[in-house]
Amino acid sequence: MGVLEDLFDVRDQVALVTGGASGLGYAFASILADCGATVIVADWNGERLEKELRGLSSRGRVAGYPLDVTDAPAVRACVDSIVAEYKSIDIAFANAGVARGRPPLLPEGWLDDMSMTDYNALIDVNLHGVVYTVQAAARHMKRQRSGSIITTASTAGLRNDPFTPYSYAIAKAGVVNFTKQAAHDLARWNVRVNAIAPGPFKTNLGGGGPMPPEAEARWNSVIPLGRMGDPAEIRGLALLLASPAGSFMTGGVYPIDGGALLQGPSLPPAG
Ligand SMILES: NC(=O)c1ccc[n+]([C@@H]2O[C@H](COP(=O)([O-])OP(=O)(O)OC[C@H]3O[C@@H](n4cnc5c(N)ncnc54)[C@H](O)[C@@H]3O)[C@@H](O)[C@H]2O)c1
């Protein structure tokens, strides 16, 4: 095998991807399948899961698992069943997430307007769902004394973001620090934990369907590269963190955002 194949070799690995039936999760699942891992795609949208599995199955060893990540016993049962069937869990992407509510930039997005129903529902998926997934995977990885866990945070968890609802920013900040806490704890068992912090990507997060042009233009205007990301552009970072190439990486939070975290006013287009 060549040096590149060795560095990024995930062929004997068993991977779980939550929220894998769409967007970034689908990109994580597809790169792992393309590189020969066994991938279990878990998602609460059964219809979408079935549809996407048909395409993914032609690319590698893939199985689907209907799962709501807010149901802690169900998450644990999912991971236990993976280990029972495939003998290990080597890679876990705690990725499932939703968007709810309005950002402070828009009317009804101010602090006074925050709906606690929306807030609780979002925290349940985007923060508690991540904790349950990491906890369930770590139990087995500790016993194995190996594993790579990747959480999906957000640039919205790293600084204020007027484009993002309060609940979402709070949940993602929680994911960032939870990832670091778990990385420090689990390093004793040779289990690595890192977060990917995406900026704006074109996915179904807003509910699906094409984004209104004015919303896309607003995002584009705050991204130095001038455009939103394509989910396929996250595959390289995902594979780096999952594979032997990332063997000394733990506790990191890796932005992938077209420069959105950079400071300074928008610059005029280049001539
Ligand atoms: N798209 C972006 O711009 C962006 C930016 C930063 C972070 N993220 C994060 O990336 C992750 C993936 O989102 P995406 O943009 O690919 O969105 P998406 O809507 O395309 O995909 C999310 C997937 O998660 C699934 N899901 C939602 N709630 C679930 C639950 N309770 N249990 C199981 N599955 C569930 C959905 O059915 C869907 O298939 C999320 O954590 C999101 O917060 C996205």
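All of these numbers come straight from a predicted model, not from anything done at the bench. (Residues numbered from 1 in each chain as written. Predicted model: local features only at pLDDT ≥ 70, side-chain atom pairs only at ≥ 80, totals over all residues. Heavy atoms only, no water.)

Participant: For the site of the ligand, give the residues involved together with the corresponding values.
Facilitator: With respect to spatial proximity, 28 residues lie near the ligand, and among them Ser22, Asp43, Asn95, Tyr168 and Thr203 are the closest. Valine 69 is positioned such that a nitrogen or oxygen atom in its backbone is 3.0 Å from a nitrogen atom of the ligand. Lysine 172 has a polar side-chain atom sitting 2.9 Å from an oxygen atom of the ligand. Protein burial of the ligand: of its 820 Å² of free accessible surface, 95% is covered by the chains. Of all the secondary structure elements, the ones that give two or more residues to the shell around the ligand are α2 (23-34) and α6 (166-186). Residues belonging to the shell around the ligand are distributed by class as follows: 13 nonpolar, 11 polar and four charged. (Near = heavy atom within 4 Å. Polar contact = N/O pair within 3.5 Å; in protein donor to acceptor, adjacent residues only side chain to side chain. Areas by Shrake-Rupley, 256 points an atom, 1.4 Å probe, with all protein chains shown as cover. Helix = DSSP H or I, 4+ residues; strand = E, 2+ residues; numbered from the N terminus. Nonpolar A, V, L, I, M, F, W, Y, C, P; charged D, E, K, R; others polar.)

Participant: Outline the pattern of salt bridges, listing residues and values.
Facilitator: One pass over the full model with this rule turns up nine salt bridges. Across the salt bridge formed by lysine 51 and glutamate 52, the nearest N and O atoms sit 3.5 Å from each other. Between aspartate 118 and arginine 100 there is a salt bridge, with the nearest N and O atoms lying 3.2 Å from each other. Of the two residues, aspartate 118 is situated in helix α5 (residues 116-144) and arginine 100 in the loop between β4 (91-94) and α5; the sequence distance between them amounts to 18 residues. On the accessibility criterion, aspartate 118 (25% relative accessible area) is partly exposed. Classification of arginine 100 by relative accessible area gives partly exposed; the value is 36%. (Salt bridge = Lys/Arg side-chain N within 4 Å of Asp/Glu carboxyl O. Buried < 20%, exposed > 50% of the residue type's maximum accessible area, 1.4 Å probe, protein only.)

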